[in-house]
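For reference, the chains in residue letters:
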Amino acid sequence: HVQLVQSGADVKKPGASVKVSCKASEYTFTGYYIYWVRQAPGQGLEWVGRINPDSGYTDYAEKFQGRVTMTRDTSISTVYMELRRLRSDDTAVYYCARDPDYKATAYNWFDPWGQGTLVTVSS
Amino acid sequence: QAVLTQPPSVSGAPGHRVTISCTGSRSNIGAGYDVHWYQQFPGTAPKLLIYGNNNRPSGVPGRFSGSKSGTSASLAITGLRPEDEAHYYCQSYDRRLSGVIFGGGTKLTVL
């Protein structure tokens, strides 16, 4: 079955960078957008951005532009999200999730989701 | 602050029906963009519940249904069960923001 497995929890100091990975399996990796969504403790869901694993095209939420970079390595079916200049309010669980449409041309729903990666920013 | 507005909490007795609203604007739901719903239990990733306004993925019980009208959407849950107690989130797209938007989430309590 389609699966997304993320890297483990991480702790960073303010001002540092974090890179979270999301490894896909059991489907054609290059055919489906991967989205990143975050959830601060006790809060709701927030869209961070997305990447087309085939072309490498990225699309970021305005709030994160200039601080986030999404990349992919097609040889190992893995996408990465790097967030720079971390602040305490970046503490959150970061999820990757797949667009269900092959070669999607619109923004769709997300299914499945990775298990989430807790990033803690603390001095 | 979330772009889509949901009630922070709803509750209902077992066997009863509840609805969760998701209110947007003319730049998102009102512009014709689809609404999707997710169910999330504490400490776990969200799970797709309804897609494309009113479609259920395989494995989701028929007790869950979605609808959309104008600038709002709703999730209805009939025959409430204790295991339905969770957070529920709506999601859509906003053309002014050019991106994905979520509701703030609704905590369902089964009394």
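Residues numbered from 1 in each chain as written. Chains lettered and ligands numbered in written order. Predicted model: local features only at pLDDT ≥ 70, side-chain atom pairs only at ≥ 80, totals over all residues. Heavy atoms only, no water.

A. Geometry of the state of the cysteines. Considering all chains together, one arrives at 2 disulfides over all chains under this definition. Across a sulfur-sulfur distance of 2.1 Å, C22 of chain A and C96 of chain A are joined as a disulfide pair. Linking C22 of chain A and C96 of chain A, the disulfide has an S-S dihedral of approximately 80° and is accordingly described as right-handed. Here C22 of chain A is found in strand β3 (residues 18-25), whereas its partner C96 of chain A is found in strand β9 (residues 92-98), with 74 residues between them in sequence. The exposure class of C96 of chain A is buried, given its relative accessible area of 0%. Covalent S-S linkage joins C22 of chain B and C90 of chain B, the inter-sulfur distance amounting to 2.1 Å. (Disulfide = S-S within 2.5 Å. Helix = DSSP H or I, 4+ residues; strand = E, 2+ residues; numbered from the N terminus. Buried < 20%, exposed > 50% of the residue type's maximum accessible area, 1.4 Å probe, protein only.)

B. Here's a closer look at the sheet that holds strand β7 (residues 68-73) of chain A. Residue and element names in this part refer to chain A. Strands sit in the order β1-β3-β8-β7 across an open sheet of 4 strands; the sheet is antiparallel. Where the open sheet ends on each side, the last strands, each with one partner, are β1 (3-6) and β7. If you compare each strand with its neighbour and ignore which way they point, the axes differ by 20° on average. (Pairing = 2+ DSSP bridges. Axes fitted to C-alpha atoms, helices over the stretch in contact; angles between N-to-C directions.)

C. Spatial organisation of the sheet that holds strand β6 (residues 72-77) of chain B. Residue and element names in this part refer to chain B. In space, the 3 strands of this open sheet follow the order β2-β6-β5, with antiparallel pairing throughout. With partners counted over all chains shown, the strands left at the sheet margins are β2 (18-23) and β5 (64-69), one partner each. Between one strand and the next, the sheet's axes are offset by a mean angle of 20°, whatever the strand orientation. Relative to β6, β2 is paired through 6 bridges, and the arrangement is antiparallel.

D. Region of interest: the pattern of salt bridges. All names here are of chain A. A complete count under the given rule lists 11 salt bridges over all chains for this structure. When the shortest N-O distance is used, the salt bridge between R38 and E46 registers 2.9 Å. On the accessibility criterion, E46 (24% relative accessible area) is partly exposed. In this structure, D90 engages R38 in a salt bridge whose closest nitrogen and oxygen atoms are separated by 2.8 Å. Taken as a pair, D90 in the loop between β8 (78-83) and β9 and R38 in strand β4 (residues 34-39) lie far apart in primary sequence, 52 residues in all. Here D90 matches R38 in class, with each residue buried. (Salt bridge = Lys/Arg side-chain N within 4 Å of Asp/Glu carboxyl O.)

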